[in-house]
Amino acid sequence: MTIRLPDFKGGSRTYDPRPEPLAVTAGSPFTSRTVFSAAHVVSDPYADVSPDSPAAVDWDATLAFRRHLWSHGLGVAEAMDTAQRGMGLDWAGAAELIRRSAAEAKAVGGRIACGVGTDQITAGSLVEVRTAYEEQLALVEESGAQAILMASRALAAAANGPEDYLEVYGHLLRQASEPVILHWLGPMFDPALEGYWGSSDLDTATDTFLDVIAAHPDKVEGIKVSLLDAQREIDIRRRLPQGVRCYTGDDFNYPELIAGDEKGFSHALLGIFDPLGPLAAQAVRVLDTGDVAGFRALLDPTVELSRHLFQTPTRFYKTGVVFLAWLAGHQSHFTMVGGLQSARSLPHFARAYELADGLGLFPDPKLAEERMKNLLALYGVAQ
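None of these values were measured; they are calculated from a predicted model.

K.L.:
Give a description of the overall build of the protein chain that names residues and reports values.
P.N.:
Helix and strand content of the protein chain: 14 helices and 10 strands. Computed over C-alpha atoms, the radius of gyration of the protein chain comes to 20 Å, within 12% of the 21 Å expected from 2.2 N^0.38 for 383 residues, which places it in the range of a compact globule. Projecting the C-alpha coordinates of the protein chain onto the three principal axes gives extents of approximately 60 × 50 × 45 Å. Out of the 383 residues in the protein chain, the part that is buried amounts to 57%. Across the protein chain, the fraction of contacts at a sequence separation of at least 24, relative to all contacts at a separation of at least 6, is 70%. Of the roughly 15,000 Å² that the protein chain leaves accessible, carbon and sulfur atoms contribute 50%. In the protein chain, the 33 positive side-chain charges and the 49 negative ones have mean positions that sit 4 Å from each other.

Written out as structure tokens, the structure reads:
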């Protein structure tokens, strides 16, 4: 088994794929950390759609992938940016995804939390932003899922300062029937969120974010921080009210943040746990035994792959996630809603394949190799 892979300099190299996958088995529920994987959607490759059309989703394959994550003990963070919210999946599609996934979670006993945003509008007044949030919050609560209040492009555009964020979020938290997770998504994931919480100065923005939580600690179960800044996340989690969890969304520094230190640790809500699901679950079960070194030994080697998938422009990490799901056999094709399969280069895909294969992530390495060769042939790369 050998394969010629293109490099980043216009040449190629020979790679010997791993003959066997990493041995992982499902096990008991986690005891030391709560762990969510933000899950991708599988597009319908036979739908006659354009990149501007409403998303055509293969519901059977999409729900099967969620069952895969649940089978390893992971929770599913549904209808988040990993599912291409605002990048191919509109609110109508997200609403259907939430309904179907929440029903599936109930049927199999899986944990689920769902994104609440404002993407049924592109812009509007603060009242219109609040109304959009309310509509989505109602649907998520009706589905029986936990709500994740996501950052809103419309709110970022409409707000004049921190006081507007305090008003909108305060209203939503008072209205929520159960404690929610607040999500701070940085502009590296979505440039339209620059200056969120009313300031481009992160210290000022952090103060406002924490003010929202301090005013409603009984309605905030946890926060998800996606700023790719490990020290800032540590500083924030040390300032949280007692009982409010920090879920890391840092796809660059997650092993150290989940492992924690003498003053605390982060739980996890990560896009990278979509392709890493079984391996990540095994690592957390090792951590449950108190073996921090063993946890790090399993998870630290995955960081190079994660940093590769999430490299600038970070928002296109979804392309690599779906690519690896195809190679792993979780779906029969490599197409994405909105045509986003074109968002990364062939050398990027080649390196992602090499790193993932080296970690043993592919249940059938031969299938992954064949599919990689098919992609290379499509690009005109001879083997």
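K.L.:
Now, about the packing of aromatic side chains: what can you tell me, with residues and values included?
P.N.:
All chains considered together, the criterion is met by 20 aromatic pairs. Relative to tryptophan 197, the ring of tyrosine 165 has its centre 5.7 Å away and its plane inclined at 45°; by these criteria the two rings are tilted. Residue tyrosine 165 is found in helix 5 (residues 162-175), and its partner tryptophan 197 is found in the loop between strand 7 (180-185) and helix 6 (202-215); the two are separated by 32 residues along the sequence. The same class applies to tyrosine 165 as to tryptophan 197, namely buried. Taking NZ or CZ as reference, arginine 33 lies 3.5 Å from the ring centre of phenylalanine 265, over its face.

K.L.:
Residue-level account of the pairing of strand 1 (residues 3-6), with values.
P.N.:
Summarising the sheet, strand 1 and strand 2 (residues 12-15) pair through 4 bridges and their orientation is antiparallel. Among the inter-strand pairings, leucine 5 is bridged to a residue of strand 2, identified as arginine 13.

K.L.:
Residues and numbers for the sheet that holds strand 10 (residues 267-270), please.
P.N.:
Sheet architecture is closed into a barrel: 8 strands sit in the order 3-4-5-6-7-8-9-10, paired in parallel fashion. Along the sheet, successive strands turn relative to each other by an average axial angle of 25°, direction set aside. On top of the sheet, helix 3 (residues 126-143) reaches strand 5 (112-116) and strand 6 (146-149); it is set at about 165° to strand 5, its chief contact. Lying on the sheet, helix 6 is in contact with strand 7 and strand 8 (220-226); it crosses strand 7 at an angle near 170°.

K.L.:
Explain helix 2 (residues 91-108) to me, and be specific about the residues and the numbers.
P.N.:
In a regular helix each residue adds 1.5 Å, so 18 residues correspond to 26 Å; helix 2 covers 25 Å between its end C-alpha atoms and thus fits that length. Every buried residue of helix 2 is listed here: Trp91, Gly93, Ala94, Ala95, Leu97, Ile98, Ser101, Ala102, Glu104 and Ala105. Against the buried residues of helix 2 lie helix 1 (59-71), strand 4 (75-78), strand 5 and helix 3. A positive phi of about 80° marks glycine 109, the residue just after helix 2.

Calculation criteria
- Residues numbered from 1 in each chain as written.
- Predicted model: local features only at pLDDT ≥ 70, side-chain atom pairs only at ≥ 80, totals over all residues.
- Heavy atoms only, no water.
- Helix = DSSP H or I, 4+ residues; strand = E, 2+ residues; numbered from the N terminus.
- Rg over C-alpha atoms; globule rule 2.2 N^0.38 Å.
- Buried < 20%, exposed > 50% of the residue type's maximum accessible area, 1.4 Å probe, protein only.
- Contact = heavy atoms within 4.5 Å.
- Areas by Shrake-Rupley, 256 points an atom, 1.4 Å probe, with all protein chains shown as cover.
- Lys, Arg positive; Asp, Glu negative; His and termini not counted.
- Charge placed at Lys NZ, Arg CZ, Asp CG, Glu CD.
- Phe/Tyr/Trp six-rings, centres within 6.5 Å; stacked < 30°, edge-to-face > 60°.
- Lys NZ or Arg CZ within 6 Å of the ring centre and 35° of its normal.
- Pairing = 2+ DSSP bridges.
- Axes fitted to C-alpha atoms, helices over the stretch in contact; angles between N-to-C directions.
- Expected span 1.5 Å × (residues − 1).

Interpretation note: all reported values are geometric properties and have no functional meaning in isolation.
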